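An overview of the molecular structure
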Amino acid sequence: QVQLVESGGGLVQPGGSLRLSCVASGFTFSRYSMSWYRQAPGKERELVASITSIGASINYASSMKGRLTISRDNAKNTVYLQLDSLEPEDTAVYYCTVRRNSIAYWGQGTQVTVSS
């Protein structure tokens, strides 16, 4: 079955950086676009970034553009999200997701907390 396991979150000071990872299994990773979403307390889940199957096309949320980088390693079935210049408003649970056969699969999420 499809599994997505995120890691790399934590507590970081404003201006700091984190690199999130999502390891996928249960499907042919290299054939699918992958996305990262985040959900802050009391807010709806929002798209942060997406990357196509071989990384030919990448999209970023305008609110975070210039402060994050999405990448993937198809040999490792892993998608990454580099977060830089973090702000307290970036505090959220970050999820990776894949849509396969019209079904969206989600990981359990990794908590990112930006605070001094």
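Below you will find a few notes about this structure. Since the model is a prediction, treat every value here as computed from it, not as a measurement.

A look at the packing of aromatic side chains
By the definition in use, this model includes four aromatic pairs. Judged by centre distance (6.3 Å) and plane angle (50°), the rings of Phe 27 and Phe 29 are tilted. For the pair Phe 27 and Phe 29, one class covers both residues: buried. Here Tyr 37 and Trp 106 contribute two aromatic rings whose centre-to-centre distance is 5.0 Å and whose plane-to-plane angle is 70°, an arrangement assigned as edge-to-face. Here Tyr 37, found in strand S4 (residues 34-39), pairs with Trp 106, found in strand S10 (residues 103-106); they are 69 residues apart in sequence, far enough to count as distant. The exposure class assigned to Tyr 37 is partly exposed, which follows from its relative accessible area of 23%. Look at Trp 106 and you get partly exposed, because its relative accessible area is 36%. A network of ring pairs unites the aromatic residues Phe 27, Phe 29 and Tyr 32 as a single cluster. Above the plane of the ring of Tyr 95 lies Arg 45, whose end atom (NZ or CZ) is 3.8 Å from the centre. The ring of Trp 106 has Arg 45 lying over it, and the distance from NZ or CZ to the ring centre is 4.5 Å.

Parameters at a glance
- Residues numbered from 1 in each chain as written.
- Predicted model: local features only at pLDDT ≥ 70, side-chain atom pairs only at ≥ 80, totals over all residues.
- Heavy atoms only, no water.
- Phe/Tyr/Trp six-rings, centres within 6.5 Å; stacked < 30°, edge-to-face > 60°.
- Buried < 20%, exposed > 50% of the residue type's maximum accessible area, 1.4 Å probe, protein only.
- Helix = DSSP H or I, 4+ residues; strand = E, 2+ residues; numbered from the N terminus.
- Lys NZ or Arg CZ within 6 Å of the ring centre and 35° of its normal.

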